Amino acid sequence: MADTMTGLKRTNYCGEVTAALEGKEVVVCGWVQRIRDKGMLVFIDLRDRSGIVQLAFDDTTEEALRQKAQSARSEFVLMAKGVVRRRESINKDMPNGDVEVAVSDLRILAKAATPPFEITEKTNVKEELRLKYRYLDLRRKEMQENIMMRHRIVKEARDYYDHTGFIEIETPTLIKSTPEGARDYLVPSRVQPGHFYALPQSPQQYKQLLMLSGYDRYMQVARCYRDEDLRADRQPEFTQIDVEMSFVDEQDVMGVAEGFLQQAFKNVLNIDLTTPFPILKYKDAMEQYGSDKPDIRFDLKIHNLTDVLKNTEFKMFAEAIAAGGSVRGIVAKDAADKLTRKEIDKLGDFVKTYRAKGLAYTRFTAEGVTSSFEKFLSPEEIAAMHTALGASTGDVLFVIADVKDKVVFDSLGALRNHLAQKLELTQPGTFAPLWVTEFPLFEYDEEENRYCAMHHPFTSPMLEDLEMMETDPAKCRARAYDIVLNGYELGGGSIRINDPEVQQRMFAALGLSPETVQERFGFLIDAFRYGAPPHGGMAFGLDRVVMLMLGKDNIKEVIAFPKVQNASELMTGAPGEVDQKNLDELFLKMDLKN
RNA sequence: GGCCCGGUAGUUCAGUUGGUUAGAACGCUAGCCUGUCACGCUAGAGGUCGUGGGUUCGAGCCCCAUCCGGGUCGCCA
């Protein structure tokens, strides 16, 4: 049987045992990181979330106690009492490597099986195994730092918004399903057969109603759910720092958000972010960076070559231009000696992922020019193109043409990021936040053959575009804004519609019948009849904020118990099957055919 | 649903053209060691090569199917 703690109380965390406590008696608790057994001398590195302290047993230690120490193994849980003393030889690599605890009482509180992987600060163990034994993975210093850093960032959020007059209000997570937008997670109702709750994709409608109720300046650390496929930066279950304010315009919301990021970066990372953040219109973001979440840490801007090449005889380009498409390119400065022919071919495959039909390139070296397409252009066209791109010796230029601007933007935008990574154009620890504004209000859904809300149906149109809601929806812009950091969408929001008439026009533009609107949003329409203040807000994706602040490229690293690509959790095995009895209670029948 | 990558000892990996008993490092077990700290030394255990089928005299290696994991496109108001 294991020892008990009887008679001992922890006095200090392991990492707190420093030279300042020399001569004092301490009691420490933790897990065995490592044992160095030299016979008459035994050293144990004891670890807790604060750090490591060395326990020492020597010829002055009672023999039975020393033997007990020798019986300990990795990850055993120990409690040790002893006097802090200077070491005979100092370990400069440890913060408290100049002291140790001369143990006089040792308790083995729990034995431990040999873990399936070593609990080390850094790891190269497969993620699958780490997630199956997540409770062991979370013992590692790296993970403990991530999780504790996440706590500090959440605390900064609560502090910041509290100090600036925000009230945290919890909203329900069993709510009514609204089939606009992402797929809902559904929860069957037992007491109302055939009816379902949905888990919230965001607290959107509740926070707007709170504005109507007068809780000016609301915030919530809110768990949200979307039943869509996972990515390195996307989990089906995630956390938002959700914010809504009344009697505000875009600048107010953006200013408050900038203040939060500024404070969090300062207090947590000691990094100064300059405000206000740059603002880029959606249209410019797409044209210059091929993305609505551009990484502006590096240049590699996209240039439009359509005019320059409008009379070209090169078929690939001419056909795209004739069909109303475009030809655009980017220049990788001084990359000619870094990109081999083989690597450029690979880039051609890369852009095909984004539906580009091909990647035209020119390698521009002192020895000469290698180009996949310039032989089809006139000398005047080549010169004009090079001028437009700002290309010179040593550069590699890439050109993509397509009937659809979206294909050109998507592929060049992705190529831009890919090249930046390959050519190491960014430095770790640099942060380039910006706002992207003036998003389109609508997006054409080719499957459903109608316009959908790009953001959500409560987003206000820009005042000057109001009339275009009916006449030219594609051109109608929204009072929406996204905050972007290093190529990631950190969050987004909008000024909402607070005029019931505009809201009706919005629903009409989306092709929703009055009956559908009444059924889905009736309570909201109704509420807005009773005095809705002008309001707006936004939400940060907390997981991404933490991920970027920690310099990670996978969101799982900053979530204690994340899900894997098929949306299961490897440790518990969720989701699981349930008993027939549970199904019967919920009036559910399985049909697993097809 | 599509594309790409991976799965060999507890872990990370190597494994030649298909050919003897599948190796290394770390970890683990036992013994020795009075100042270690990636301790050291000696000895040892540990493998259904993801799974199923096929080709072959012979498969970790070739073929087919399938499972698991990663990245990504679609998807993510």
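What comes next concerns the included structure. (Residues numbered from 1 in each chain as written. Chains lettered and ligands numbered in written order. Predicted model: local features only at pLDDT ≥ 70, side-chain atom pairs only at ≥ 80, totals over all residues. Heavy atoms only, no water.)

Pairing is mixed in the closed barrel, where five strands are placed in the order S1-S2-S3-S5-S4. On average, each strand axis in the sheet is inclined to that of its neighbour by 55°, with strand direction left out of account. Pairing of strand S2 (residues 42-48) with strand S3 (residues 51-57), which is carried by seven bridges, proceeds in the antiparallel orientation. Across the sheet, Asp 45 pairs through a bridge with Gln 54, a residue of S3. Sitting on the sheet, helix H1 (residues 63-71) is in contact with strand S1 (25-37), S2, S3 and strand S5 (99-110), with an inclination near 70° to S5. (Pairing = 2+ DSSP bridges. Helix = DSSP H or I, 4+ residues; strand = E, 2+ residues; numbered from the N terminus. Axes fitted to C-alpha atoms, helices over the stretch in contact; angles between N-to-C directions. Contact = heavy atoms within 4.5 Å.)

Right, let's talk about the layout of surface pockets for a bit. Left-over empty space is what a probe sized like a water molecule reveals as it rolls over the atoms. Of the pockets and cavities examined, the second largest pocket occupies roughly 880 Å³. Those elements that provide at least two residues to the lining of the second largest pocket are S1, S2, S3, strand S4 (77-86) and helix H4 (141-163). Here the lining of the second largest pocket is composed, by residue class, of eight nonpolar, ten polar and 18 charged. (1 Å grid on protein atoms, 1.4 Å probe; cavity = no way out; pocket = protein on both sides within 12 Å on 5 of 7 lines; lining within 4 Å. Points joined across faces, edges and corners; volume = space filled by probe spheres on them. Nonpolar A, V, L, I, M, F, W, Y, C, P; charged D, E, K, R; others polar.)

The next subject is the nonpolar core. Of all hydrophobic cores here, the largest spans 41 residues; its most connected members are Tyr 161, Ile 241, Phe 260, Leu 261 and Phe 540. For this core, the secondary-structure elements that each account for two or more residues are H4, strand S10 (237-246), helix H6 (250-269), strand S20 (480-485), strand S21 (488-495), strand S22 (535-541) and helix H15 (542-549). Among all residues touching Phe 540, those that are not within four sequence positions of it are Tyr 161, Thr 239, Gln 240, Ile 241, Ala 257, Phe 260, Leu 261, Ile 483, Leu 490, Gly 491 and Val 545. Counting residues in each nonpolar core, the second largest holds 33 residues, with Phe 458, Ala 478, Val 484 and Leu 524 among its members. (Core = buried A, V, L, I, M, F, W, Y, C linked by side-chain atoms within 4.5 Å. Buried < 20%, exposed > 50% of the residue type's maximum accessible area, 1.4 Å probe, protein only.)

This part is about the pairing of strand S14 (residues 360-365). Counting buried residues in S14 gives five out of six residues, a clear majority hidden from the surface. Judged from the four bridges that link them, S14 and strand S16 (residues 396-402) form a sheet pairing that is antiparallel. Bridged to Tyr 361 within S16 is Phe 398. As judged from the four bridges shared by S14 and strand S15 (residues 368-371), these two strands associate in the antiparallel manner. Bridge pairing links Thr 365 to Gly 368 in S15.

Following Thr 275, the chain continues into Pro 276 via a peptide bond in cis, with omega recorded as -5°. Tracing the sequence through the fold places Pro 276 in the loop between H6 and strand S11 (279-281). Of the consecutive residues Ala 574 and Pro 575, the connecting peptide bond is found in the cis state with omega at 0°. Within the secondary structure, Pro 575 sits in the loop between H15 and helix H16 (580-585). Of note in the backbone geometry, Arg 217 takes a positive phi value of approximately 70° without being a glycine. In this fold, Arg 217 is placed in the loop between helix H5 (204-212) and strand S9 (218-225). Exposure remark for Arg 217: the relative accessible area of 26% places this residue in the partly exposed category. At Phe 587, a residue that is not glycine, the phi angle is positive and equals roughly 60°.

This part takes up the protein's contact with RNA strand B. Around RNA strand B lies a shell of 53 residues, among which Glu 100, Gly 181, Glu 228, Ala 453 and His 455 are the nearest. Expressed as a percentage, the sugar and phosphate content of the atoms of RNA strand B within 4 Å of the protein is 57%. Separating a base oxygen of RNA strand B from a side-chain N or O atom of Arg 85 is a distance of 3.3 Å. Contact between RNA strand B and Arg 231: a base nitrogen at 2.8 Å from a side-chain N or O atom of the residue. Where the surface near RNA strand B is concerned, the elements lending two or more residues are S1 and helix H2 (127-132). Broken down by class, the residue content of the surface near RNA strand B amounts to 14 nonpolar, 16 polar and 23 charged. (Near = heavy atom within 4 Å. Polar contact = N/O pair within 3.5 Å; in protein donor to acceptor, adjacent residues only side chain to side chain.)

Turning our attention to helix H13 (residues 500-509). Those residues of H13 not exposed but buried are Val 502, Gln 503, Arg 505, Met 506 and Phe 507. Contacts from the buried residues of H13 go to strand S18 (442-445), strand S19 (450-453), helix H12 (468-471) and helix H14 (514-528). For H13, the N-terminal cap is Asp 499; the gap from its side-chain oxygen to the backbone nitrogen of Glu 501 is 2.8 Å. Directly after H13, the chain includes Gly 511, whose backbone phi takes a positive value near 80°.

Under the counting rule described, the total for this entry stands at 19 aromatic pairs. With centroids separated by 5.2 Å and ring planes inclined at 45°, the aromatic side chains of Tyr 282 and Phe 439 adopt a geometry described as tilted. In this pair, Tyr 282 is assigned in helix H7 (residues 282-289) and Phe 439 in the loop between strand S17 (433-437) and S18, connecting sequence segments 157 residues apart. The class of Phe 439 is buried, set by a relative accessible area of 6%. (Phe/Tyr/Trp six-rings, centres within 6.5 Å; stacked < 30°, edge-to-face > 60°.)

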